[in-house]
Amino acid sequence: MRVLITGAAGFLGSHLSDRFINEGHTVVGMDNLITGSMDNIAHLMGHERFSFVNQDVSNYIYVAGELDAVLHFASPASPNDYLEFPIPTMKVGSLGTHNTLGLAKAKGARYLFASTSETYGDPLVNPQPETYWGNVNPNGPRSCYDEAKRFGEALTLSYQRYHGLETRIVRIFNTYGPRMRLNDGRVVPNFIAQALTNKPLTVYGDGSQTRSFQYYTDLVEGVYRLLFSGESMPVNIGNPVEMSILDFANAVTEISGSSSDIVFVHPKDGRFTDDPKVRRPDISKAKRVLGWEPTVDLAEGLAKTVDFFRSRV
Ligand code: UDP
């Protein structure tokens, strides 16, 4: 297959590019590098089946030749980035989704939209099944991401219903691993960087809010299976092991062998506004339709991620 991956220089886009290349496919990677980095795909440059286009998918995109699949993974993806790039975040989830859907339609390609657990907002149901409609603030600092992704889902399904496009929607829960940006502001890089430099781990609020962390290899496997499945409605891909952020901080210090303390902070700049109090995927649908479930536990995934960050702090 010849596959277009947007956000190919990002954390997930680059790992997906690796997977498709390793499976023998041809990958066209696209990224405008506002939050992605060429470091993530340096090893693919020069590969005969990989090419890279530095382009903003929120503007009209042109790709020569045939395409069999389009995977739209381009987007800023951390609360810090939404604060810095709220309009590009809205544009890539809306105009970028429109452009990539139009491209998929023109090429007769299958389309996969990277959605998010943020579509559930601050959920009133835990764990979250795909049938839950969510509890989203339409005008807070996170809304540029949440609402763009919700619009993206609706647009993807409109193309499926109106044009008969083959579409897939993955709702990605917190994912971590090598190639995350050290300074992206999310909890995994923050805590690991703090632990490795023996600085206090900055727990926001009282640390009782929960998340469920999946290692990137599990996500890549789930996305790969979803693309080749027949499921056009959204599918959660995440690890259902839920923990409080305070427990997560302790796990990071333990696994990294750090003597860092924990401090409780209350960011006032919007990073903590509307922070979901709980988050945990209901993965029964992924099990049923994809035969998928995560295989990497936190101890193993965190140890590998700490190794990656150790050489970079
Ligand atoms: N968080 C934290 N300290 C940090 C960064 C984040 O306690 O230095 C918390 C944040 O408030 C949230 C959780 O960790 O409850 C996950 O935040 P992240 O930004 O990684 O992603 P989110 O799941 O909120 O999109």
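Use the structure listed above.
Quick summary incoming for the structure in this document.

## What to know about the packing of helix α5 (residues 187-196) against helix α7 (residues 245-256)
In step 1: Put simply, α5 and α7 touch, their axes get as near as 10 Å, and they point 45 degrees apart. By the angle class used here, α5 and α7 are oblique. Here the hand of the crossing between α5 and α7 comes out right-handed. Residue-level contacts link Val 187, Val 188, Phe 191, Ile 192, Ala 195 and Leu 196 of α5 to Ile 245, Phe 248, Ala 249, Val 252 and Ser 256 of α7.

## With respect to α7
In step 1: With 12 residues, α7 should cover 16 Å at 1.5 Å per step; its first-to-last C-alpha distance of 16 Å lies within 8% of that length.
In step 2: Taken together, the buried positions of α7 are occupied by Ile 245, Phe 248, Ala 249, Ala 251, Val 252, Thr 253 and Ser 256.
In step 3: On its buried face, α7 is in contact with α5, β8 (201-204), β9 (210-212), β12 (242-244), β13 (262-265) and α9 (298-310).
In step 4: Just downstream of α7 lies Gly 257, where phi reads positive at about 65 degrees.

## Concerning the side chain of Asn 239
In step 1: The topology assignment puts Asn 239 in the loop between β11 (235-237) and β12.
In step 2: Classification of Asn 239 as buried rests on a relative accessible area of 7%.
In step 3: Side-chain polar atoms of Asn 239 contact the backbone nitrogen of Val 241, separated by 3.0 Å.
In step 4: Excluding residues within four positions of it along the chain, Asn 239 makes contact with Ser 212, Phe 213, Gln 214, Pro 281, Pro 294 and Val 296.

## Let's talk about the sheet that holds strand β1 (residues 2-6)
In step 1: Strand order in the open sheet formed by 7 strands is β3-β2-β1-β4-β5-β6-β11, with parallel pairing between adjacent strands. The sheet is open, and its two edges are formed by β3 (50-54) and β11, each paired on a single side. Across the sheet, the mean angle separating the axes of adjacent strands is 20 degrees when strand polarity is ignored.
In step 2: Strand direction decides the pairing type here: β1 and strand β2 (residues 26-31), joined by 5 bridges, are parallel.

## Points about the pattern of salt bridges
In step 1: Going through the model one piece at a time under the given rule, you end up with 18 salt bridges.
In step 2: As a salt-bridge pair, Asp 275 and Arg 211 come within 3.3 Å of each other at their nearest N and O atoms. Of this pair, Asp 275 sits in the loop between β13 and α8 (284-290) while Arg 211 sits in strand β9; the two residues are 64 residues apart in sequence, bridging distant segments of the chain.
In step 3: Among the residues examined, Asp 275 registers a relative accessible area of 14% and is labelled buried.
In step 4: On the basis of relative accessible area, Arg 211 is assigned to the buried category, the value being 6%.
In step 5: In this structure, the salt-bridge partner of Lys 304 is Glu 300, at a minimum N-O distance of 3.2 Å. Taken as a pair, Lys 304 and Glu 300 lie in helix α9 at a separation of 4 residues, close to a single helical turn.
In step 6: Within the structure, one salt-bridge network assembled from shared partners comprises Glu 118, Arg 142, Arg 211, Asp 275 and Arg 279.

## Some points on the site of the ligand
In step 1: Every one of the 18 residues lining the ligand counts as a neighbour, but Thr 202, Tyr 204, Arg 211, Asp 275 and Arg 279 are closest to it.
In step 2: Measuring from an oxygen atom of the ligand, one finds a side-chain N or O atom of Asp 275 at 2.6 Å.
In step 3: Relative to its unbound accessible surface of 520 Å², the ligand loses 96% to contact with the protein.
In step 4: Mapped by element, the contributors of at least two residues to the shell around the ligand are α5 and β8.
In step 5: Looking at the shell around the ligand, its residues break down into 7 nonpolar, 5 polar and 6 charged.

Cut-offs and rules
- Counting starts from 1 at the beginning of each chain's written sequence and moves along it residue by residue.
- Owing to the predicted nature of the model, reporting of local features is limited to residues with pLDDT of at least 70; listing and counting of side-chain atom pairs is limited to 80 or more, with chain, interface and lining totals taken over all residues.
- Here the side-chain values reflect all heavy atoms present in the structure, with hydrogen atoms and water set aside.
- Comment: axis = line fitted to C-alpha atoms, over the contacting stretch for helices; angle = value between 0 and 180 degrees taken between N-to-C directions.
- Helix numbering and strand numbering both begin at the N terminus, where a helix is a DSSP run of H or I of at least 4 residues and a strand a DSSP run of E of at least 2.
- Any angle from 65 to 115 degrees is called roughly perpendicular, while one under 35 is roughly parallel, one over 145 is roughly antiparallel, and all others are oblique.
- Handedness of a helix crossing follows the sense of rotation of the near helix relative to the far helix, less than a right angle counterclockwise being left-handed and clockwise being right-handed.
- In what follows, residue pairs with any heavy atoms lying within 4.5 Å of each other are defined as contacts.
- One less than the number of residues in a helix, times 1.5 Å, gives the span that helix is expected to have.
- Summary of the burial criterion: residues with accessible area below 20% of their type's maximum are buried, those above 50% are exposed, and those between are partly exposed, where the area comes from a 1.4 Å probe applied to protein chains only.
- Whenever a nitrogen or oxygen atom comes within 3.5 Å of another N or O atom, the pair is scored as a polar contact, on the condition that within protein one atom can donate a hydrogen and the other can accept it, and that pairs from neighbouring residues in sequence are kept only if both atoms are in side chains.
- Following DSSP output, two strands are said to pair if at least two bridges run between them.
- The rule for a salt bridge is simple: a side-chain nitrogen of Lys or Arg has to be within 4 Å of a carboxyl oxygen of Asp or Glu.
- The cutoff for a nearby residue is simple: one of its non-hydrogen atoms must lie within 4 Å of the molecule or strand.
- Each accessible area is a Shrake-Rupley result for a 1.4 Å probe, and residues are judged covered by the shown protein chains and nothing else.
- Charged residues are taken to be Asp, Glu, Lys and Arg, nonpolar residues to be Ala, Val, Leu, Ile, Met, Phe, Trp, Tyr, Cys and Pro, and polar residues to be all remaining types, Gly included.

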